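One-letter residues, chain by chain:
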Amino acid sequence: MKKSLTIIGVVIIIIAIIFICAWIWAKGLKEDTAATKKKMDEVLEAYPKFNEEVDKFSTLRNELYQNKENLYLETLRDNASTWNTFIDNYKAEIMKVEETAKILKENCDLEYGDVNVSSKCTTFKANYEAAHNYYISDVKMYNEMVKNYEEYNREHGNQYSTVNEATYGPYTDYIDYDKDGEYFGKEG
């Protein structure tokens, strides 16, 4: 009788341990599910703002390349303040892209089962990488033009307005944000 009470006691303890472990596991799963859902909601909320800033950046970039077609040393000379303002606005826009990317950078490092969230993260990574790499290419191209202008201005006794070089945003070199081995947006 004593032996059967001991066996029943051990079985009850084992069953209690199994139930406690199952309860802890279920609670952890519920917390993980809630945390994942919160991250997914943050991605879905942040993505439109990021996408809007990328579109604005793209518009400014198109404007840069349209104006570049008619950009000569004389054009820089005659429109120095316009170019200084434009290049400041261009940097401000890449900084807005960076600012709106913060939440996405934090939350898009996971693989989500939700196709909508996963596609937004994939698109975010590609657009983020492209925007920064395009910006770096544009800064290099523009600064080369400014260096030529500075030499031209020196040759003419520094009588013309100063054109400011573009400054880099958060990155000074090309990035491979999505770690695919390619630098999307890198030119030259």
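Refer to the structure printed above.
Residues numbered from 1 in each chain as written. Predicted model: local features only at pLDDT ≥ 70, side-chain atom pairs only at ≥ 80, totals over all residues. Heavy atoms only, no water.

1. Concerning the pattern of salt bridges
For the record, the criterion: Any carboxyl oxygen of Asp or Glu within 4 Å of a side-chain nitrogen of Lys or Arg constitutes a salt bridge here. A run of H or I in DSSP counts as a helix once it spans at least four residues, and a run of E counts as a strand once it spans at least two, with each numbered from the N terminus. Remark: exposure states derive from per-residue accessible area (1.4 Å probe, protein chains only) relative to the maximum for the residue type, with buried under 20%, exposed over 50%, and partly exposed in between.
Evaluation of the coordinates by the stated rule reveals eight salt bridges. With a shortest N-O distance of 3.9 Å, K38 and E42 are connected by a salt bridge. Of this pair, K38 and E42 are both found in helix 1 (residues 2–68), four residues apart, which corresponds to roughly one turn of the helix. A relative accessible area of 54% places K38 in the exposed class. Residue E98 is joined to K105 by a salt bridge in which the shortest nitrogen-to-oxygen separation is 2.8 Å. Three or more residues joined by partner-sharing salt bridges are found here, namely E52, E53 and K56.

2. A short note on the packing of aromatic side chains
Just so we agree on the cut-off: Only centres within 6.5 Å qualify two rings of Phe, Tyr or Trp (six-membered ring in Trp) as a pair; their planes then separate them into stacked at under 30 degrees, edge-to-face at over 60, and tilted for everything else.
The full count for this structure, using the stated rule, is 14 aromatic pairs. For the ring pair F50 and F124, a centre distance of 5.0 Å and an interplane angle of 70 degrees mean the geometry is edge-to-face. Of the two residues, F50 sits in helix 1 while F124 sits in helix 5 (residues 115–155), which places them 74 residues apart along the sequence. We classify F124 as buried; its relative accessible area is 0%.

3. Some thoughts on the environment of P48
Within the secondary structure, P48 sits in helix 1. Under the relative-accessibility criterion, P48 is labelled partly exposed at 45%.

4. A short note on the side chain of D176
To keep things clear, this is the line we draw: What qualifies as a polar contact is a pair of N or O atoms within 3.5 Å, subject to a donor-acceptor requirement within protein and to the restriction that residues adjacent in sequence count only when both atoms come from side chains. Should any heavy atoms of two residues lie within 4.5 Å, those residues are considered in contact.
Within the secondary structure layout, D176 lies in the segment after helix 5. In this structure the side chain of D176 is engaged in a polar contact, spanning 3.2 Å, whose partner is the backbone nitrogen of D180. Setting aside chain neighbours within four positions, we find D176 in contact with E129, G181, E182 and Y183.

5. Thoughts on helix 5
Filter applied, for reference: A helix is expected to span 1.5 Å multiplied by its residue count minus one.
In this model helix 5 runs 60 Å from its N-terminal to its C-terminal C-alpha over 41 residues, within 8% of the 60 Å that 1.5 Å per residue would give. Phi turns positive, to about 75 degrees, at G157, one or two residues after helix 5.

6. Observations regarding the packing of helix 3 (residues 80–100) against helix 5
The cut-off we apply is this: Interaxial angles span 0 to 180 degrees and are taken between N-to-C directions of axes, which are lines fitted to C-alpha atoms, for helices over the stretch in contact. Oblique is the label for every angle not falling under 35 degrees (roughly parallel), over 145 degrees (roughly antiparallel), or within 65 to 115 degrees (roughly perpendicular). Note on convention: near helix rotated counterclockwise from far helix by under a right angle means a left-handed crossing. Clockwise means right-handed. The nonpolar class holds Ala, Val, Leu, Ile, Met, Phe, Trp, Tyr, Cys and Pro. Asp, Glu, Lys and Arg form the charged class, and all remaining residues, Gly among them, are polar.
Where helix 3 contacts helix 5, the two axes come as close as 10 Å, and the packing angle between them is 160 degrees. Classified by the angle between their axes, helix 3 and helix 5 sit roughly antiparallel to one another. Crossing hand, helix 3 versus helix 5: left-handed. Of the residues in helix 5, those touching helix 3 at W83, I87, Y90, K91, I94, V97 and E98 are Y128, A131, H132, Y135, D138 and Y142. Here the residues of the contact of helix 3 with helix 5 sort into nine nonpolar, one polar and three charged.

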